[in-house]
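Chain by chain, the residues run as shown.
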Amino acid sequence: MNELLNLAVDPAAWAALVTLIVMEVVLGIDNLIFISILSNKLAPEHRQRVRRIGISLALIMRLVLLSTIAFIVGLVHPVFDLGIAGPAGPTGEPSFETAFSWRDLILLAGGLFLIWKATKEIHHTVDPAQESGDVLDKTGAAISNVGSAIFQIILLDLVFSIDSILTAVGMTEHLPIMIIAVLVAVTVMLLAADPLANFINNNPTVVMLALGFLLMIGTVLIAESFGMHVPKGYIYAAMAFSATVEGLNMMSRRAAAKKKGEGH
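In short, a report on the structure. (Residues numbered from 1 in each chain as written. Predicted model: local features only at pLDDT ≥ 70, side-chain atom pairs only at ≥ 80, totals over all residues. Heavy atoms only, no water.)

1. Observations regarding the overall build of the protein
Part 1 of the argument: When you go through the protein residue by residue, the secondary structure sums to nine helices and two strands.
Part 2 of the argument: What you see in the protein, going N to C, is helices and strands ordered as α-α-α-α-β-β-α-α-α-α-α.
Part 3 of the argument: For the protein, with 264 residues in total, the buried portion stands at 39%.
Part 4 of the argument: In the protein, the share of contacts with a sequence separation of at least 24, taken over all contacts with a separation of at least 6, comes to 78%.
Part 5 of the argument: For the protein, the exposed surface amounts to about 14,100 Å²; the carbon and sulfur share of it is 69%. (Helix = DSSP H or I, 4+ residues; strand = E, 2+ residues; numbered from the N terminus. Buried < 20%, exposed > 50% of the residue type's maximum accessible area, 1.4 Å probe, protein only. Contact = heavy atoms within 4.5 Å. Areas by Shrake-Rupley, 256 points an atom, 1.4 Å probe, with all protein chains shown as cover.)

2. Digging into the side chain of lysine 41
Part 1 of the argument: Inspection of the secondary structure assignment puts lysine 41 in the loop between α2 (11-39) and α3 (44-66).
Part 2 of the argument: Within the local environment of lysine 41, its side chain forms a polar contact with the side chain of glutamate 121, the two groups lying 3.3 Å apart. (Polar contact = N/O pair within 3.5 Å; in protein donor to acceptor, adjacent residues only side chain to side chain.)

3. As for a nonpolar patch on the surface
Part 1 of the argument: A contiguous nonpolar surface patch, about 490 Å² in accessible area, is contributed by Val79, Phe80, Leu82, Ile84 and Trp102.
Part 2 of the argument: Within the secondary structure layout, tryptophan 102 lies in helix α5 (residues 102-126).
Part 3 of the argument: Of the residues examined, tryptophan 102 reaches a relative accessible area of 49% and is grouped as partly exposed. (Patch = residues over 30% accessible without salt bridge, like charges linked within 9 Å, V, L, I, M, F, W, Y side chains within 5 Å. Salt bridge = Lys/Arg side-chain N within 4 Å of Asp/Glu carboxyl O.)

4. Some words on the layout of surface pockets
Think of a ball as big as a water molecule: rolled over the atoms, this probe shows where empty space is left.
Part 1 of the argument: Roughly 380 Å³ of internal volume is contained in the largest pocket.
Part 2 of the argument: Along its surface, the largest pocket is lined by 23 residues, and Ile29, Ile33, Leu196, Phe213 and Ala243 are the ones closest to its centre.
Part 3 of the argument: Of all the secondary-structure elements, those providing two or more residues to the lining of the largest pocket are α2, α7 (175-202), α8 (204-225) and α9 (232-263).
Part 4 of the argument: Residue composition of the lining of the largest pocket, by class: 20 nonpolar, two polar and one charged. (1 Å grid on protein atoms, 1.4 Å probe; cavity = no way out; pocket = protein on both sides within 12 Å on 5 of 7 lines; lining within 4 Å. Points joined across faces, edges and corners; volume = space filled by probe spheres on them. Nonpolar A, V, L, I, M, F, W, Y, C, P; charged D, E, K, R; others polar.)

5. Observations concerning the pairing of strand β1 (residues 78-85)
The two faces of the sheet receive side chains in turn, since in a regular strand these alternate between them.
Part 1 of the argument: Here β1 lies mainly on the outside; zero of its eight residues are buried.
Part 2 of the argument: Relative to strand β2 (residues 97-101), β1 runs antiparallel, the two being bridged by four bridges. Counterpart to aspartate 81 in the pairing with β2 is alanine 99. (Pairing = 2+ DSSP bridges.)

6. Focus on the side chain of arginine 62
Part 1 of the argument: Its location among the elements puts arginine 62 in helix α3.
Part 2 of the argument: Beyond its immediate chain neighbours, meaning those up to four positions away, arginine 62 contacts Asn31, Asp157, Phe160, Ser161, Ser164, Ile165, Val182 and Val186.

7. Overview of the pattern of salt bridges
Part 1 of the argument: A complete count under the given rule lists seven salt bridges for this structure.
Part 2 of the argument: Between arginine 52 and aspartate 194 there is a salt bridge, with its nearest N and O atoms 2.8 Å apart. Residue arginine 52 is found in helix α3, and its partner aspartate 194 is found in helix α7; the two are separated by 142 residues along the sequence.
Part 3 of the argument: The residue arginine 103 makes a salt bridge to glutamate 224 at a minimum N-O spacing of 3.9 Å. In this pair, arginine 103 sits in helix α5 while glutamate 224 sits in helix α8, placing the two residues 121 residues apart along the sequence.
Part 4 of the argument: Ionic contacts of the salt-bridge type, sharing partners, join the residues Lys41, Lys117 and Glu121 into one network.

8. Remarks on the packing of α7 against α8
Part 1 of the argument: At a closest axis distance of 5 Å, the pairing of α7 and α8 adopts a crossing angle of 115°. In terms of their interaxial angle, α7 and α8 are classed as roughly perpendicular. For the pair α7 and α8, the contacting residues are Phe199, Ile200 and Asn202 in the first and Pro204, Val206, Val207 and Ala210 in the second. (Axes fitted to C-alpha atoms, helices over the stretch in contact; angles between N-to-C directions. Parallel < 35°, antiparallel > 145°, perpendicular 65-115°, else oblique.)

9. Structural notes on the environment of alanine 85
Part 1 of the argument: Within the secondary structure layout, alanine 85 lies in strand β1.
Part 2 of the argument: In this structure the C-alpha to C-alpha distance between alanine 85 and phenylalanine 96, which are eleven residues apart in sequence, comes to 5.6 Å.
Part 3 of the argument: Each residue touching alanine 85, except ones within four places of it in the same chain, is listed here: Pro94, Phe96 and Glu97.

Written as C-alpha cells, this is what we have:
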C-alpha cells in the first residue's frame, strides 16, 4: 500500500504511466486489426462474441505474463546460436544475428503466421471465386470456424502479449504501473473493437490496407527475431500515412458518387 501511495504522488511515475499507456494502446492496434479481420470472416452472429473472447484472452495473457516477469525477462537470453552475423552497424552492433532466444523464436513464428494469414486473405479478396467459404450458414460449420478463429487469435495474442509486456518491463520497473497501463490499453481495445471491425467490413479497400499492415507487421516481427531493430515510430508513421491517404481516397469517391447522383 505504501508503494502505491508513493507512486501516486510521484510525477515521474505518472509520466511513466501515461507514456506506457500510449505505447500499450499503439501496440494493441496490431492485435486489434488481426482480431477484426479474422472475426469479420465469420457469420455475423458470431463476430462480436469472438472479438470479445479474443480481447479478453489478450488481457488474461498479459496479466499472467506480468505475474511471471522473471520468466518473461529470461526469454530474451539466447538458447542457441547459428554463428551467423551481419556487418557492424553505426552503433557497432551487427545488423543482424542468429543468436535466437525464446522471444526471438516466438516472434519468428508469429511473423511467419501473420504473413501466411495475410497473404491467404489477400488472395481470397483478390480472387473471391477461389474462396472456399469462410462464412458458412450451416450451424456446425459456423461453430467450427469460430473455434478455428479463436485458436488463431490465441496464437497471435501470445505473440503480441509477450512483445507488449517486454516493452512495459523495459519502460518501468513498477508492477502497478504496468498493470494499470495494460488494463487501460485492453479497455481501449474493447471499446474500439466493434467500430473498427465494422468500419473494415463496410469498406473493402480498407480490408486490403489492413491486410497490408499485417504483412508489414509480420515482416517486422521476423526482422526483430533476427536482431534487426526496426524503430516502431517508422512503422506506425507509415501506417498513419497510408490510413490518411486511404481516408482521402474514400472522401474523393464519396464526393464523386454524390456529384454523380446529383447529376441524375
